[in-house]
Amino acid sequence: MGGMTMRTSKRGPASSARLRQVVIVSVICLALYCFLLVPDHSLDSSRSGMTDTFSHPHSKPSPDPDVGREKVPSELLNNLFLTEPQCLATFPGLTKEIDDVVAKGPFTLARNPHGLGPLVARIRGGKLYILSYARKADLSKDMLRHRSATLHQIANALLTAPLAEPVPDTVFAFNHGDEPSSPSFSYARPADPAFNGAAKRYFAIPHFSFYAWPIAPVGSFRRASDAIAALESRLPFSSKVPKAVWRGTTWFNNARAGRLRHDLVNLARGKPWADVEPLAANGSNALAIEDFCAYRYVVHTEGVTYSGRFQYHQQCASVVLAPPVAWMQHVTHLAKPAFSYALDGVDRTLPPDPDNKNNKQLAPYPAPWVQAAWPTSHDPSTEANMVFVAPDWSDLEATVAWLERHPKVAEGIARRQRELFADGGYMSPAAEMCYWRALIRGWSKVAKTEGQGFEDLEEIPWEEFSLKEIHK
């Protein structure tokens, strides 16, 4: 140490002053680099590092989520701890479904004295407690899986809530069936305004598959999304199979839709532009969910209500062709359809019937409810991210032919879909957690539960329930 002191002392006052200047300049440069050049999210992705002064290319929410959209960094899309301002900035328009139902005003959640109906749960102090539920003996294996997956999603949203934004205490109802119920958290709501009036309170929630769907063609949502991304990275639109693809069960229809799936199979059977088949009983002709994206056109059909495959098809850079969507899931409002009737040269034709034995006529299209639910046909060249066709499929072949004659337009529709839902992050883990916490905040503002007897129910902590009541 004496030697070091001797060397330092020999530099003299001028040398020491220069050394101090070099050190100060170096520190300033390092500080400027850290605060100006390094992205906030790369410094610390934990909740403790997050602040309300979040800076991101989308920090100014737009009423149109397509305006100025860029690919959101993967680090951000996988961050489960975003604050409310960060969520609003990163995913503009995400919570429209919540905002719309909250705007209807307060309602009372009444207790069912027989314990039937939706599952009822309490959130208190950021913890989840189950109050009323269907016994596992009364539910199918699939229903148990659906219920379990959604409760896991809610528990994860509570667990990852930023410390500065505790989730409010509330009691909520969750319906894990396909048919939505009011008031409750439900997987979808009717698009027809006639079935979603002022007295209805459908709180659309992310599909259970956002946690996982343990069937062979799907698996976890992350696995499917990664597989779709890998396929899209190596397969440009021009190299995709130039056909419209569909697989499914023909009997799985909503009563209002008639024989929609059956009619699709009959129309497309043997056509060179189609790869449409009813799903074989043994699943031998099933496609992995990502393999639908290998086709230029993906036909989407709803089931008894919504269809759980929609959120996968929307991640494809393919053109989704569907009758007007009748059931709104939590981000369906972000779809911007071009209507087939607005495409120049696309006409509807009846299926071959030389003797007109059935005396068929084309039904009016679009129906009045469609005009009310989907009032805008978006420009296919600049805005649309999917295409609505006639529900009787009478213009499906003509629509595919039109898109094939306009490949740049078709590619643009497909690209805009993937850019929004996948690259824009609306199907990401971050968006899912943002949505769940916004949903709980919205519900708690308008749901009145006092005096309904919920305080008399025994509470089962979620951790205990998850081990006892979710598996057969």
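Residues numbered from 1 in each chain as written. Predicted model: local features only at pLDDT ≥ 70, side-chain atom pairs only at ≥ 80, totals over all residues. Heavy atoms only, no water.

Peer 1: So, the state of the cysteines: which residues are in play, and what are the values?
Peer 2: What the rule picks out here adds up to 2 disulfides. The side chain of cysteine 87 participates in a disulfide bridge whose partner is cysteine 434; the two sulfur atoms lie 2.0 Å from each other. An S-S torsion of about -75° defines the bridge between cysteine 87 and cysteine 434 as left-handed. Of this pair, cysteine 87 sits in helix H5 (residues 84-90) while cysteine 434 sits in helix H14 (residues 429-446), and the two are 347 residues apart along the sequence. (Disulfide = S-S within 2.5 Å. Helix = DSSP H or I, 4+ residues; strand = E, 2+ residues; numbered from the N terminus.)

Peer 1: Residues and numbers for the environment of proline 323, please.
Peer 2: Along the chain, proline 323 falls in the loop between strand E11 (319-322) and strand E12 (327-328). Residue proline 323 is classed as buried on the basis of its relative accessible area of 10%. Leaving out residues up to four positions away in the same chain, proline 323 has contacts with Leu260, His300, Phe388, Val389, Pro391 and Trp393. (Buried < 20%, exposed > 50% of the residue type's maximum accessible area, 1.4 Å probe, protein only. Contact = heavy atoms within 4.5 Å.)

Peer 1: Which residues make up the layout of surface pockets, and what values do they have?
Peer 2: Taken as a whole, the largest pocket encloses approximately 890 Å³ of empty space. Looking at the largest pocket, it is lined by 33 residues, and the ones nearest its centre are Trp213, Ile215, Phe252, Leu279 and Arg309. Among the elements of the structure, helix H7 (141-159) and strand E8 (241-248) are those that each provide at least two residues to the lining of the largest pocket. A total of 4 residues in the lining of the largest pocket trace back to one element, the largest contributor, which is H7. Of the residues contributing to the lining of the largest pocket, the split by class is 17 nonpolar, 10 polar and 6 charged. By volume, the second largest pocket amounts to about 740 Å³. The wall of the second largest pocket is formed by 35 residues, among which Arg256, Ala257, Ala326, Trp369 and Pro391 lie closest to the centre. Of all elements in the fold, only helix H9 (260-268) and helix H11 (368-373) reach the threshold of two or more residues within the lining of the second largest pocket. In terms of residue class, the lining of the second largest pocket is built from 20 nonpolar, 7 polar and 8 charged. (1 Å grid on protein atoms, 1.4 Å probe; cavity = no way out; pocket = protein on both sides within 12 Å on 5 of 7 lines; lining within 4 Å. Points joined across faces, edges and corners; volume = space filled by probe spheres on them. Nonpolar A, V, L, I, M, F, W, Y, C, P; charged D, E, K, R; others polar.)

Peer 1: Describe the confidence of the model for the chain, naming the residues involved and giving the relevant values.
Peer 2: Low pLDDT marks regions whose predicted coordinates should not be analysed in detail. Looking at the chain as a whole, the pLDDT averages 86, with 84% of positions reaching at least 70. Confidence over residues 1-17 falls short of pLDDT 50; this stretch has 1 contact with residues more than four positions distant or in other chains. (pLDDT = per-residue confidence, 0-100.)

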